[in-house]
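# Chain and residue survey
Here's the letter readout for the chains.
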Amino acid sequence: QLLGNQDHIKVELEKLKKTHDEKQQKLEEQVLALGKELQEAKGAVGASRHRLAEQSAVLLTAQGQLQEVEAENSRLQLRLKELNEEYRSRLAQHVRDVANYMDSKPSSVTNHSKAPAGQAAMKNFVDSMLRDIRASYKAREEQLARAARGYKKRMKDLAKKHENLLIAYGLQREQLRSLGSSAMDCGPAELHFSITDPELLTNSSRELNRLRQEKAKLEMQLQELQKVESWLDLMSGHDPNELFCPRLLDEEGWAEVRKKLREFTLNTQEDLEQERSQLLTRALVAEEQVAELQGYIDQHLAR
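Please read these numbers as outputs of a predicted model, since none were measured by experiment.

### Some thoughts on the layout of surface pockets
- Roughly 460 Å³ of volume is contained in the second largest pocket.
- The wall of the second largest pocket is formed by 15 residues, among which Leu218, Glu219, Leu222, Trp254 and Leu261 lie closest to the centre.
- Looking at the lining of the second largest pocket, the elements with two or more residues in it are α2 (121-179), α3 (203-235) and α5 (251-301).
- Here the residues of the lining of the second largest pocket sort into seven nonpolar, three polar and five charged.

Written out as structure tokens, the structure reads:
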């Protein structure tokens, strides 16, 4: 019976081979398409990085110009304050001189003799007027100082609330990452919403911004590693349908990712340490050779 069914078995084998060839061809086409998409994505990332570098350079230039303009504005405001003080003192002195002149001027009513009753009337009036002006200026300055202190206090309170909101936002992003898919859009990083005004930044805020920058870099590296891992899974012959399914990252998945990152960091550190030791050895050997050559030059070539 087996010998009689050889033709049927050959037909089935041909069908299986044809089906396998078709699936292999489709898989190769998908791999080529994914490779093309990966190249396009790399080109887009490179272009975006180039634009980001240009925008960063423009931003740094603008920030430098802004700092220069703010310094010039502060200098001009200080100069204006000095000129106002000088103008105020000169005006007060001129008013006093006019008052003294008017008080010392002889009266025309009493046969060119000074009026003793009204001799210092103008001076007293001017002194009273200047005292009122100084009091009003002082009250206005105190009012403006209180308003400025209140404004700074409100800005500090708002900055503190903003920091608390950023911390809560970061915790929610981490919870979404731990519970959802790796492809889920959890929103921009906290660094995107951080305060950059140097007047509102405290030492803790600057340290938090630095940590947020490092965290954003690590998140970008983690995304690159996930893309590489997906590409390796595709090249290793896994089912293509599984690659496009949402991959849930639970605590074990994050632990595995952290483990891989630690292993990568340790391996890189070991390689760097080994390379450093080799370079130090070569440097010591080179120093010994230089010392021998210098001794040979001093002993023989000089003679």
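What follows picks up the thread again.
### What about the packing of helix α1 (residues 6-104) against α2?
- Contact pair α1 / α2: the axes reach a minimum separation of 7 Å and the direction vectors enclose 165°. By the criterion of interaxial angle, the relationship of α1 to α2 is roughly antiparallel. Like other packed secondary-structure pairs, α1 and α2 cross with a definite hand, here right-handed. When α1 is examined against α2, the residues Arg88, Ala92, Val95, Arg96, Ala99, Asn100, Met102 and Asp103 are found in contact with a partner set consisting of Ala121, Met122, Lys123, Val126, Asp127, Met129, Leu130, Arg134, Tyr137 and Glu141.
- Of the residues assigned to the contact of α1 with α2, the class counts are 10 nonpolar, one polar and seven charged.

### Focus: a nonpolar patch on the surface
- Nonpolar side chains collect at one region of the surface, where Val98, Tyr101, Met102, Met122, Phe125, Met129, Ile133 and Tyr137 lie side by side and expose about 750 Å² of accessible area between them.
- When residues of the nonpolar patch are traced back to their parent elements, those giving at least two are α1 and α2.
- Top element by residues in the nonpolar patch is α2. It accounts for five residues.
- With respect to the helices, strands and loops of the structure, Phe125 is situated in helix α2.

### Some details on α2
- Between its first and last C-alpha atoms α2 spans 87 Å; for 59 residues at 1.5 Å apiece the expected length is 87 Å, and the two agree.
- Here α2 has its buried residues at Val126, Asp127, Leu130, Ala159, Glu163, Leu166, Gly170, Arg173 and Arg177.

### Some words on the pattern of salt bridges
- A full pass over the atoms with the stated rule returns four salt bridges.
- For Arg79, the salt bridge is made with Glu82, and the minimal N-O distance between the two is 3.6 Å. Residue Arg79 and its partner Glu82 are located together in helix α1, separated by three residues, close to a single helical turn.
- Under the relative-accessibility criterion, Glu82 is labelled partly exposed at 42%.
- Here Arg88 and Glu85 are joined by a salt bridge, their closest N and O atoms 3.9 Å apart. With Arg88 and Glu85 both in helix α1 and three residues apart, this pair spans about one turn of that helix.

Definitions and cut-offs
- Residues numbered from 1 in each chain as written.
- Predicted model: local features only at pLDDT ≥ 70, side-chain atom pairs only at ≥ 80, totals over all residues.
- Heavy atoms only, no water.
- 1 Å grid on protein atoms, 1.4 Å probe; cavity = no way out; pocket = protein on both sides within 12 Å on 5 of 7 lines; lining within 4 Å.
- Points joined across faces, edges and corners; volume = space filled by probe spheres on them.
- Helix = DSSP H or I, 4+ residues; strand = E, 2+ residues; numbered from the N terminus.
- Nonpolar A, V, L, I, M, F, W, Y, C, P; charged D, E, K, R; others polar.
- Axes fitted to C-alpha atoms, helices over the stretch in contact; angles between N-to-C directions.
- Parallel < 35°, antiparallel > 145°, perpendicular 65-115°, else oblique.
- Left-handed = near helix turned anticlockwise from the far one by under 90°.
- Contact = heavy atoms within 4.5 Å.
- Patch = residues over 30% accessible without salt bridge, like charges linked within 9 Å, V, L, I, M, F, W, Y side chains within 5 Å.
- Areas by Shrake-Rupley, 256 points an atom, 1.4 Å probe, with all protein chains shown as cover.
- Salt bridge = Lys/Arg side-chain N within 4 Å of Asp/Glu carboxyl O.
- Expected span 1.5 Å × (residues − 1).
- Buried < 20%, exposed > 50% of the residue type's maximum accessible area, 1.4 Å probe, protein only.

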